[in-house]
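For reference, the chains in residue letters:
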Amino acid sequence: MKPRASSRRGRLGTAVLLLILLVACSARETSVAAALHPVPAAPGYLAAAAVADITPPLHLSLFGHGPEGRIAVGVRLRLNCQIFVIANAADIVALVPCDLQSPSMALHRAVSRRLARAGVPIGADRLFIMATHTHAAPGHYFEARRYSGPFSSQAPGYDERVLEFLAARIAGGIGDAFAALAPACVGWNQTELWGLTFNRAYVPFLANAPSGAEGEPATRASRAEQRLQAADWKTTPSARGTELSVVERGAAGPKPSAEPERVSTGAEAAVDPWLSVLGLYRRADDTLSCDGSRLMGVLAVYGMHPTGVPNTNDLYHGDIFGFAVRVAEGRLSSPAGGTSLPAELAERRKEESADPDAEHVIVGLANGVEGDVSPKLNFQSMPEARKHGRALGHAIATLTEEIGGRTAEGRLAHLSWDLRFPKGEYDGVANTLCEHAELGIAAAGGARDGPTRIRILPAANAGFQPDQPSDCHGQKVPLRRGAEPSRHDFPEVAPIGLIEVGDGVIATVPGEATTTTGDRIRRAVAAQLAGRSAHVAVAGLTNQYLQYFATHEEYPFQYYEGASTLYGPHSEQFLVRHFACLAATLSGQRNECRGAGAINRPAPFDPDPEPIAKRWPDDEDVQSFGLDPLDVKEEKRDGEPGWEMVIDALPLTFTSDRSVFSVAVLFGESGEVQLDDDRGASIEIRELDDELWRIRWIPDLSPSDTRCGGQFRLQVGGQVRLTSRPFRVQCRPAPEAPRP
Amino acid sequence: MKGALPMRLLALAAALTGCGLQATTGPTWANERHPVALVFGGTLQSHRFNGPTFGGRVGMAVDDGLIPRQGFVHMGYDLRAIPGRLVIEPRLDLGLGGPIARAYSGVGAYLGGAASGRVRLWGVDDSKTEFNIIGSHLDLVLAARGGAWAPPEGSSSTRLDWEASVELGVRVAIISDVPSGPAGRVQAPVTPAAEEGGE
């Protein structure tokens, strides 16, 4: 009997073990959620800002230019996420603009998981990752197969390690900010900013019939056209520190600048001009007074497809927005620049960036309504992007400085709604979106400011109209690879959100809204929140990437934006309708939209990314060592003078970790003062080949620059230590140096 | 590391498009005999539109240990009888070799005609408005052929050898819309302003 009992117990034990294994293995993901830390108990707002450096190793694909996307061989601007955590007794949210082309739900949920494990009480519904839409950040972290497929870049594929790297850095930054929550005040400001952008899809835009509403883009464009024809433009003074026409809030329409080349055309008027800033201030004490509070962070929202650099780029950088936030941080931060710098140099440095080692104001720039809005450049290049970024950065700083009312207590609320797009009801009478997402062939041809070689195919050009429109997708010619669409090709679920802070609301869109779509979203939200919120900022590219939302009037033209509107011609109506419903919920009214999931309850997420590829380079162990000084020579590249030296190649992963590799510019006869480093706006690191890297300093020199004639050194720090021989910056026109 | 995979795929798609590989088998009537033939071939065909075809194939008798006995080049025309479902392809055959059932002492010549019908079993539906960078499909093929072999020069007989066959098989084709996508054109869109004469 004993052996039999033992055997029975053994079988029971085995069964229990199997059951445990079954349960464990059937769980989609195993996570060890720590007990959540409480939000510090304090009256009024709490806030904190932090920066997460998300610059990855070299040799990952740059995402955003489709098949033209190059493989990164260097870093021009380090990629960052600026993190703003805001809390009060009622709620807590994390607003996280990032130097990424777009978010993915895989990334959003991975960050959320890490926060849960760390006990940070910011769940997926409270986390808003907003991509700046730089096309010079890595890919490989998208669960949607088409975003990792053969035409996503020149080295496609999904790599879990890239995803986890980004998630770890972002979650780490959020954790830091949460730990630093302190009594705060908040303040909003908003203005119209003209002259930086124009509508790149003006022909489809004109299909949006003006309703006559004040401030409507179509109405403004029509007025601009009339003004141009009548040539009755008047002049306005430029905003301080900018070359822009900044129009006061509430003005009836755009006022062209004095310079004829900046006159507002119809296409320039056919944009969303709103620049919004949310200032976060550290209170001087625990009372609810904002007197003496100091600016610690600024979240700005402005709509611009920020591709100032052409698609031949092969460096990581934040493009126009990357330059803009550095300029804004430099101007808003105090004390000026590096503390040990001479005053003149410190002032000059503030024009480019803040000293990251000193306590400084953190500026994040979320992209707004930018689907059809291009930067108004002379041509795409790094210097043009820098110039544009400088103008935008100054505008952000000016607007922040003009924030009037700050408040220590007020509303803080968030609504996040995971919408399912396939067959989504868009009009309340059972008309639905398409069942499958499709990308049109015109999207593969690229936008006006990022054309691809696929435009050799007639069908890949804007405006291609098939003889036989498809049933659901209308004039769109779906781009496929010989297979029927899969539910894993593109995201099916994407969240929209409303974040209310004080008397302002940010509406978050999981993609790129064209000017009129964004305007309709804003009006839908504002109508529901009339009398409650003075500011409605629309931020795109948040938490998921459903590409574009062209209006149903723009869609049939099948320009790039319409071809990238995934769920068919009525996607914009679906979006606007649900924003109206969400805003109704926020204002305590009845939500008329049925069929979607629950608000603030993240939908189940079951990713199945393909193709899997190993894109993360191998780690290499390099012993610390020092090198003899090298010569630095002046070289003009891309129209910009720069001072550069060539060093032996380092492991590709080094660019992701400043503790093993960093670059600085030193000033002075003995190089005793650090003027800038690779976190600023002036240093480029580039792999020349398998054996050599080039370090280049590109100061933004003005003719009477205080740095002219000064003596400098380039310094490499980390595992490799090297200080160059001294060199002088000569600001007079230098003879053209022979190129290697 | 700096390879341009998408562009290579695009070039490959353009090069391979319309390349159909076909295998058919069926009875052949050649003089008094009617052995079973096995025919392998390849055809360049247009995708999505009616258009000319060109290709070649090799025939062998199943009973003879699959030794190639005859080779053909063919030129034809694809007619989409039911777009996306059924294609009819009449064609002209020129051949070298000999009848499937009789060995010449040299190389004979063949002239004949054929017609085939292809029913789409699987793959890209070329009647739909979509742009496939690359794709494939599988067709069921029913083919009928008839023609005459002329014996080699110097043969004792100058009699023509008539040959006909009915074959059933499959064709696998790699297709792409890169050389010829769905019908349409880039049109100058009509804007409201233009309609009103404003532009």
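Bear in mind that the values here come from a model prediction, so they are computed numbers and not experimental data.

J.: Pulling in residues and values, what's your account of the nonpolar core?
T.: Judged by nonpolar contacts, the single largest core of 230 residues is most densely connected at Ile83(A), Val85(A), Val96(A), Ile170(A), Ile174(A), Ile396(A) and Phe579(A). Ignoring sequence-local partners within four residues, the contact set of Ile170(A) consists of Ala52(A), Ile54(A), Cys81(A), Val96(A), Cys98(A) and Val111(A). Among the nonpolar cores identified, the runner-up in size contains 8 residues, and Ala30(B), Ala37(B), Met60(B) and Ile100(B) belong to it.

J.: Which residues make up the packing of helix H2 (residues 105-118) of chain A against helix H3 (residues 160-179) of chain A, and what values do they have?
T.: All names here are of chain A. Packing of H2 against H3 brings their axes to within 8 Å, and their N-to-C directions diverge by 50°. Judged on the interaxial angle alone, H3 and H2 are oblique. As H2 runs across H3, the sense of the crossing is right-handed. Across the interface between the two elements, Ala106, Leu107, Ala110, Val111, Arg114, Leu115 and Ala118 of H2 pack against Leu163, Glu164, Leu166, Ala167, Ala168, Ile170, Ala171, Ile174 and Gly175 of H3. Classifying every residue of the contact of H2 with H3 gives 13 nonpolar, 1 polar and 2 charged.

J.: Quick one: what's the story with the sheet that holds strand S27 (residues 692-697) of chain A, residue by residue and with numbers?
T.: Residue and element names in this part refer to chain A. An order of S2-S26-S27-S23-S22 is seen for the 5 strands of this open sheet, with the pairing classed as antiparallel. Of all the strands in the sheet, the pair left with one neighbour each is strand S2 (74-75) and strand S22 (633-637). One ladder, built from 5 bridges, connects S22 with strand S23 (residues 640-648); its direction is antiparallel. When the sheet's bridge partners are listed, Lys636 is paired in S23 with Pro641.

J.: Let's hear about the interface of chain A and chain B: which residues, and what values?
T.: Every contact between the two is made by 33 residues of chain A and, on the other side, 29 residues of chain B. Looking at the side of chain A that touches chain B, the elements with two or more residues in it are strand S14 (464-466) and strand S15 (479-480) of chain A. Of the residues assigned to the side of chain A that touches chain B, the class counts are 21 nonpolar, 8 polar and 4 charged. Where S15(A) meets strand S7 (residues 131-132) of chain B, 2 bridges bridge the pair, whose relative direction is parallel. Residue pairing for S7(B): Arg480(A) is matched across the bridge by Asn132(B).

Quick notes on the rules
Residues numbered from 1 in each chain as written. Chains lettered and ligands numbered in written order. Predicted model: local features only at pLDDT ≥ 70, side-chain atom pairs only at ≥ 80, totals over all residues. Core = buried A, V, L, I, M, F, W, Y, C linked by C-beta atoms within 7 Å. Buried ≥ 20, exposed ≤ 12 C-beta atoms within 10 Å, placed from the backbone. Contact = placed C-beta atoms within 7 Å. Axes fitted to C-alpha atoms, helices over the stretch in contact; angles between N-to-C directions. Helix = DSSP H or I, 4+ residues; strand = E, 2+ residues; numbered from the N terminus. Parallel < 35°, antiparallel > 145°, perpendicular 65-115°, else oblique. Left-handed = near helix turned anticlockwise from the far one by under 90°. Nonpolar A, V, L, I, M, F, W, Y, C, P; charged D, E, K, R; others polar. Pairing = 2+ DSSP bridges.

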